[in-house]
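Spelled out from the first residue to the last, the chains are:
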Amino acid sequence: MTITATFLPRPDGAPLPPIGFIGGGNMASAILGGLIRQGVPAAAFEVVEPFAEARDRLAHDFGIAAQPQASAALARCEVLVWAVKPQTFAEAAQPVRAHAGDALHLSVAAGIPSDSIARWLASERIVRAMPNTPALVGQGMTGLFARSAVGAADRARVEQVLAPTGELLWVEPESALDAVTAMSGSGPAYVFYFIEAMTEAGVEMGLTPNQAQRLAIGTFTGASALAHSATEPPSVLRKRVTSKGGTTYAAITSLEGADVKTQFKTAIRAAQKRAAELGEEFGRG
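These figures come from a predicted structure and were not determined experimentally.

On to the overall build of the chain. Looking only at helices and strands, the chain features 11 helices and 7 strands. For the chain, the spread of C-alpha atoms along the three principal axes comes to 70 × 35 × 35 Å. Of all 285 residues assigned to the chain, the portion counted as buried reaches 39%. Expressed as a percentage of contacts within the chain between residues at least 6 apart in sequence, the contacts between residues at least 24 apart total 62%. Looking at the chain, you have 24 positive and 26 negative side-chain charges, and the mean spots of the two groups are 4 Å apart.

Bringing the layout of surface pockets into the picture now. A volume near 1,000 Å³ is recorded for the second largest pocket. Surrounding the second largest pocket, 40 residues form its lining, Ala83, Val84, Lys85, Pro86 and Thr88 being those nearest its centre. The set of elements that each furnish at least two residues to the lining of the second largest pocket consists of α1 (26-37), α2 (52-62), α3 (89-100), α6 (176-185) and α11 (260-282). Examining the composition of the lining of the second largest pocket, we find that 4 residues originate from one element, α3, more than from any other.

The next point concerns α2. Restricting attention to buried positions, one finds in α2 the residues Ala54, Leu58 and Phe62. The buried residues of α2 occupy one face: seen down the axis, they fall within an arc of 45 degrees. Along α2, exposed side chains directed more than 90 degrees from the buried face belong to Glu53, Asp56 and His60. In the stretch just after α2, Gly63 is the one whose phi turns positive, near 75 degrees.

Take Thr242: it is sitting in the loop between α9 (234-241) and α10 (247-257). For Thr242, a relative accessible area of 18% puts it in the buried group. Polar contacts involving the side chain of Thr242 include one to the main-chain carbonyl oxygen of Arg238, which spans 2.7 Å. Apart from the residues lying within four places of it in its own chain, the contact partners of Thr242 are Thr248, Tyr249 and Ile252.

Looking now at the sheet that holds strand β2 (residues 45-48). Sheet architecture is open: 7 strands sit in the order β2-β1-β3-β4-β5-β6-β7, paired in mixed fashion. Every interior strand has two partners, whereas the edge strands, β2 and β7 (166-170), have only one. Direction aside, neighbouring strands of the sheet carry axes that sit 20 degrees apart on average. Bridge count for strand β1 (residues 19-22) against β2 is 4 bridges, and the pairing is parallel. Along β2, the bridge assignment pairs Gly20 with Glu46.

The full count for this structure, using the stated rule, is 9 salt bridges. Across the salt bridge formed by Glu174 and Arg128, the nearest N and O atoms sit 2.9 Å from each other. A residue pair is termed long-range when its members are at least 10 positions apart, and Glu174 in the loop between β7 and α6 and Arg128 in strand β5 (residues 126-130) qualify at 46 residues. Look at Glu174 and you get buried, because its relative accessible area is 17%.

Bringing unusual backbone geometry into the picture now. Each neighbour pair has its own omega, and for Glu172 with Pro173 the value is 0 degrees, a cis peptide bond. Relative to the elements of secondary structure, Pro173 occurs in the loop between β7 and α6. In this structure, Ala122 is a non-glycine residue whose phi angle is positive, near 55 degrees. Along the chain, the position of Ala122 falls in the loop between α4 (114-121) and β5. For Ala122, a relative accessible area of 53% translates into the label exposed. Even without a glycine there, the phi angle at Asp259 is positive, about 60 degrees.

Residues Tyr193, Phe194 and Phe264 make up a contiguous nonpolar surface patch of about 310 Å² in total accessible area. Checked against the element boundaries, Tyr193 lands in helix α7 (residues 187-204).

Here we come to the packing of aromatic side chains. Under the criterion given, the structure shown has 6 aromatic pairs. Taking 4.9 Å as the distance between ring centres and 15 degrees as the angle between the ring planes, the aromatic pair formed by Trp82 and Phe89 counts as stacked. Exposure class is identical for Trp82 and Phe89. Each is buried. Grouping aromatic residues by their ring pairs yields a cluster made of Tyr190, Tyr193, Phe194 and Phe264. Between the NZ or CZ atom of Arg155 and the centre of the ring of Trp170, over which it lies, the distance is 4.5 Å.

The rules behind each value
Along each chain, numbering runs from 1 in the same order as the chain's sequence is written. Predicted model: local features are reported for residues with pLDDT of at least 70 only, side-chain atom pairs are reported and counted for 80 or more only, and whole-chain, interface and lining totals are derived from all residues. Hydrogen atoms and water are omitted, and side-chain values are computed over all heavy atoms in the structure. Labels follow the DSSP assignment, with helices taken as runs of H or I lasting at least four residues and strands as runs of E lasting at least two, numbered in each case from the N terminus. The buried label applies to any residue whose accessible area, calculated with a 1.4 Å probe on protein chains only, is under 20% of its type's maximum; exposed applies above 50%, and partly exposed to all values in between. Throughout, a contact is declared for two residues whenever any of their heavy atoms are within 4.5 Å. Positive charges are assigned to Lys and Arg, negative charges to Asp and Glu, while His and the chain termini are left out of the count. By convention, the charge on Lys lies at NZ, on Arg at CZ, on Asp at CG and on Glu at CD. Grid points spaced at 1 Å over the protein atoms alone were grouped into cavities, where a 1.4 Å probe fits but cannot get out, and pockets, open sets with protein on both sides within 12 Å along at least five of seven lines, with lining residues defined by an atom within 4 Å of a point. Grid points are joined across faces, edges and corners, and a volume is the space filled by probe spheres set on the points. The directions considered for the arc are those from the helix axis to the C-beta atoms. Pairs of N or O atoms within 3.5 Å make up the polar contacts considered here, provided that, within protein, one atom can donate a hydrogen while the other can accept it, and that residues adjacent in sequence are counted only when both atoms are side-chain atoms. At least two bridges found by DSSP between two strands is the condition for calling them paired. Each axis is a line fitted through C-alpha atoms, taken for helices only over the stretch in contact, and angles between the N-to-C directions span 0 to 180 degrees. Salt bridge, as used here, is a side-chain nitrogen of Lys or Arg placed within 4 Å of a carboxyl oxygen of Asp or Glu. Each patch is assembled from residues with relative accessible area greater than 30% and no salt bridge, linking like charges that lie within 9 Å and nonpolar side chains (Val, Leu, Ile, Met, Phe, Trp, Tyr) that lie within 5 Å. In these tables, accessible area is a Shrake-Rupley quantity obtained with a 1.4 Å probe, and a residue counts as shielded only by the protein chains included in the view. Aromatic rings from Phe, Tyr and Trp, taking only the six-membered ring of Trp, are treated as a pair when their centres fall within 6.5 Å; an angle between ring planes under 30 degrees marks them as stacked, one over 60 as edge-to-face, and anything in between as tilted. Put simply, a charge is over a ring when the Lys NZ or the Arg CZ is close to the ring centre, within 6 Å, and near the line of the ring normal, within 35 degrees.

In short, shape yes, function no, at least from these values alone.
Spelled out as structure tokens, the structure:
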């Protein structure tokens with residue numbers, strides 16, 4: 001689902017309340033940068049970022065004056081985006097809770113269960129998001145889960161905030177986010193891994209590193225675009241490229257002989273299991 005964000009004033013002409021960010025790192029920057037590129041002014045954000053280097057980067061890149069700690073200014077925010085490390089969420093929530101008011105909470109912190117967030121913030125209006133790193137270039141894939149207290153208007157607001165990062169997919173139950181984490185959250189690393197392997201193979205076959213990398217990246221980019229636009233499933237697209245006795249057939253036969261598909265699925269299930277473990281570990285506070 002691709003969504004275009006439009007941040008219009010209210011019917012009475014008043015501007016929308018600011019959007020708060022707890023944490024100003026890479027994922028927060030991806031969201032902030034996308035919204036600013038769509039015309040949302042830097043003054044429309046309240047950002048809390050304890051690290052001076054990150055605050056300086058936000059000021060340089062977006063003109064945002066982030067604050068080192070939570071203050072009463074957060075009470076004006078109708079949405080609070082939690083872009084903190086999972087292990088620091090509970091600690092970060094303590095000074096914010098007093099200023100959270102009736103805010104809608106959007107967490108992009110990996111693995112933290114919404115039950116824990118609800119307990120730490122004394123709120124039921126919580127949406128969990130599992131984005132991935134291509135969000136930095138507006139090509140992300142984000143899985144979303146909403147607690148029952150989150151209404152249709154809240155969902156629409158979350159979609160507005162995250163639209164600049166790429167595609168969005170609502171899932172339920174909440175445990176499905178562990179599968180999202182294993183597939184799209186960790187998925188870019190799998191793609192980079194195969195690009196590495198293809199590049200190394202190209203160099204071993206006589207190409208320059210630059211040539212091999214361009215071929216590998218270009219192939220993934222083109223194949224992904226084709227799979228995205230095609231009406232047929234990837235299995236059909238693969239078979240169309242695989243003529244029996246040809247070069248692709250030789251490669252696929254080699255992969256199947258090594259049981260690569262089974263091993264790959266096992267690896268993804270390992271990521272899913274670890275996502276669930278991390279949620280239990282960091283959600284206890």
